[in-house]
Amino acid sequence: LDKLDNEKRELIQTDIAALHHFYSKNLHYADNAALEVLFAQVNCNGFTIEDEELSHLGSAIFPDVALMNHSCCPNVIVTYKGTVAEVRAVQEISAGDEVFTSYIDLLYPTEDRNDRLKDSYFFTCDCRECATKEKDAAKMEIRKLGDPASPQAIRDMVRYARNVVEEFRRAKHYKTPSELLEMCELSMEKMGAVFAESNVYVLHMMYQAMGICLYLQDWDGALKHGQKIVKPYSKHYPPYSLNVASMWLKLGRLYMGLEKKSAGIKALKKAIAIMEVAHGADHHYIAEVKKELEQ
């Protein structure tokens, strides 16, 4: 609690105010200090429940599942079936090995991941991936130009990219979809002067642009972005990543909707191959995707 910054404390107070506002005045509540502890515990131990395309459905607490520690190369994935959390191995786990899940989005380089872990969970990760940083070079790929970008130009662009990611997060609350799309396109253009298209910051804004295109029902625009995202995602994320599965799924559905059947079938089969491991072969999400294939 003593590590919470003012912004986090204010968010907790907003949640407490909402609790009082939306629930019956006849319910008995603990005092404000006890509620602050409770909300902080929920923030630190809660799970985000998402559908097969990783759209946010809600949050839940699974006390036993929350006992697992974090690793940036996790050996299990947590998925959901109704109100049950299911934990499945995505690597060989020997007797006596620790079971690790991931608390965060693993797309980003080591420094960013640890900033996020410190900010939300108050620790620094010392897993193999964080110790070796072996994926960082590919994640931060620089565009191949006649004159290589100077170290200072790269540092400046990284600073710009981090700022624009944060600015976009805030802008979602007050800008129109068209304004947000323009923001994505301008930032990708600027980053493209230094970063390769497979750079994770470019991919971040590309993913946001794809989401806005889907919202605006610009199917061709969404497909164009998705096609550029899926291969680098497959390289940057660990095997059997839900992020990669959801991208293949979105692409497959877009191809099908645009009458590009053979590409759609191929993409949906790639999604199913990951989902059968992550969700389990009997999950209703997989039955739904197989039904789409049959139709």
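Looking at an unreviewed UniProt entry, the chain carries the name [histone H3]-lysine(4) N-trimethyltransferase, with the source organism given as Eleutherodactylus coqui. Regarding the chain, the relevant UniProt record gives this comment under Subcellular location (unreviewed entry): "Cytoplasm". As stated in UniProt under Catalytic activity (unreviewed entry), the record for the chain gives "L-lysyl(4)-[histone H3] + 3 S-adenosyl-L-methionine = N(6),N(6),N(6)-trimethyl-L-lysyl(4)-[histone H3] + 3 S-adenosyl-L-homocysteine + 3 H(+)".

Trainee: Looking at this model, I keep getting lost on the overall build of the chain. Mind explaining?
Mentor: Each helix and strand in the chain was counted, giving 12 helices and 6 strands. Its C-alpha atoms give the chain a radius of gyration of 21 Å, near enough to 19 Å, the size a compact globule of 295 residues would have. Each of the three principal axes of the chain carries a C-alpha extent, and together these read 65 × 50 × 45 Å. By the burial criterion, 41% of the 295 residues in the chain qualify as buried.

Trainee: What's the story with the nonpolar core in this structure? I'm lost.
Mentor: Within soluble globular proteins, side chains that are nonpolar tend to cluster in buried spots. One finds Met191, Phe195, Tyr233, Trp248 and Met275 to be the most contacted residues of the largest nonpolar core, which totals 60 residues. Looking at this core, the elements with two or more residues in it are helix H3 (110-121), helix H6 (151-171), helix H7 (177-191), helix H8 (200-215), helix H9 (219-236), helix H10 (242-257), helix H11 (261-278) and helix H12 (284-294). When neighbours within four sequence positions are excluded, Met275 is seen to be in contact with Glu52, Ala245, Leu249, Gly280, Tyr285, Ile286 and Val289.

Trainee: Would you mind going over unusual backbone geometry with me for this structure?
Mentor: Among all residues save glycine, negative phi is the norm, and among peptide bonds the norm is trans. In this structure, Phe122 takes a positive phi of about 65 degrees despite not being glycine. Checked against the element boundaries, Phe122 lands in the loop between H3 and helix H4 (128-132). In this structure Phe122 comes out as partly exposed when scored by relative accessible area, which is 30%. Here the phi dihedral of Gln217 falls at roughly 60 degrees; this positive angle occurs in a residue that is not glycine. Mapped onto the elements, Gln217 comes out in the loop between H8 and H9. Gln217 sits in the exposed class, given a relative accessible area of 56%.

Trainee: Even after reading the chapter, I still don't get the UniProt feature "domain: SET" (unreviewed entry) in the chain, so can you show me in this structure?
Mentor: When the UniProt feature table is mapped to this numbering, "domain: SET" (unreviewed entry) covers residues 1-104. Each end of residues 1-104 is marked by a C-alpha atom, and these two atoms are 20 Å apart; helix forms 30% of the span and strand 24%.

Trainee: Where do I start with a nonpolar patch on the surface in this structure?
Mentor: A grouping of Phe22, Tyr23 and Leu27 is seen on the molecular surface, where their side chains present a nonpolar patch of about 370 Å² in accessible area. Here Phe22 is to be found in helix H1 (residues 6-22).

Trainee: Is there a simple way to explain the side chain of Asp51 in this structure?
Mentor: For Asp51, the location among the structural elements is in the loop between strand E1 (47-50) and strand E2 (56-60). At 7.0 Å, Arg253 is the nearest oppositely charged side chain to Asp51, a buried residue that forms no salt bridge. Within the structure, Asp51 has its side chain in polar contact with the backbone nitrogen of Glu53 (distance 2.9 Å).

Trainee: I keep staring at the environment of Ala137 and nothing clicks. Help me out?
Mentor: Along the polypeptide, Ala137 turns up in helix H5 (residues 136-139). For Ala137, a relative accessible area of 62% corresponds to the exposed category.

Trainee: Any chance you could explain the pattern of salt bridges here in plain terms?
Mentor: Two side chains that carry opposite charge are able to pair once their charged atoms sit near each other. Scanning all chains against the criterion turns up 17 salt bridges. Measuring nitrogen to oxygen at the nearest pair gives 3.4 Å for the salt bridge that ties Arg170 to Glu166. Linking Arg170 with Glu166, this pair stays in helix H6, spanning 4 residues, or about one helical turn. Between Lys228 and Glu197 there is a salt bridge, with its nearest N and O atoms 3.4 Å apart. Residue Lys228 is found in helix H9, and its partner Glu197 is found in the loop between H7 and H8; the two are separated by 31 residues along the sequence. Since its relative accessible area comes to 46%, Glu197 is described here as partly exposed. Beyond isolated ion pairs, a larger network of salt bridges with shared partners links Glu52, Glu53, Arg253 and Glu292.

Trainee: How should I be thinking about the confidence of the model for the chain in this particular structure?
Mentor: Fine structural detail should not be taken from predicted coordinates in areas where pLDDT scores are low. Within the chain, residue pLDDT values average 94, and 100% of them lie at 70 or more. Confidence, expressed as mean pLDDT per element, reaches its minimum in the chain at E2 with 91 and its maximum at H8 with 98.

Trainee: Looking at this model, I keep getting lost on the environment of Gly252. Mind explaining?
Mentor: Positionally, Gly252 belongs in helix H10. When the C-alpha atoms of Gly252 and Pro63 are compared, they prove to be 36 Å apart, with 189 residues separating the residues in sequence. Excluding anything up to four places from it in sequence, Gly252 contacts Gly264, Ala267 and Leu268.

Reading the values: rules and limits
- Every chain is numbered on its own, with residues counted from 1 as its sequence reads.
- In keeping with the model being predicted, local features are shown solely for residues with a pLDDT of at least 70 and side-chain atom pairs are shown and tallied solely at 80 or more, while totals for entire chains, interfaces and linings include all residues.
- Where side-chain values are given, they derive from all heavy atoms of the structure, hydrogens and water being excluded.
- UniProt positions are given in the numbering used here, feature names are shortened, and annotations may be inferred rather than shown by experiment.
- Strands here are runs of E lasting at least two residues and helices are runs of H or I lasting at least four, both read from the DSSP assignment and numbered beginning at the N terminus.
- In this setup the radius of gyration rests on C-alpha atoms only. A globule is expected at 2.2 Å times the number of residues raised to 0.38.
- For every residue, the accessible area (1.4 Å probe, protein chains only) is compared with the maximum for its type, and the residue is labelled buried under 20%, exposed over 50%, or partly exposed between those bounds.
- Residues belong to a common nonpolar core when they are buried Ala, Val, Leu, Ile, Met, Phe, Trp, Tyr or Cys residues joined through side-chain atoms within 4.5 Å.
- By the convention used here, residues are in contact when the closest approach between their heavy atoms is within 4.5 Å.
- Excluding any residue in a salt bridge, patches collect residues exceeding 30% relative accessible area, merging like charges within 9 Å and nonpolar Val, Leu, Ile, Met, Phe, Trp and Tyr side chains within 5 Å.
- Only the protein chains shown count as cover for residues, and the accessible areas themselves come from Shrake-Rupley with a 1.4 Å probe.
- When a carboxyl oxygen of Asp or Glu is within 4 Å of a side-chain nitrogen of Lys or Arg, the pair counts as a salt bridge.
- None of His or the chain ends enter the tally, which takes Lys and Arg as positive and Asp and Glu as negative.
- In protein, a polar contact means a hydrogen-donor-capable atom and an acceptor-capable atom, both N or O and within 3.5 Å, with residues adjacent in sequence counting only if both atoms are side-chain atoms; elsewhere, any N or O pair within 3.5 Å suffices.
- Predictor confidence is given residue by residue as pLDDT, running from a minimum of 0 to a maximum of 100.

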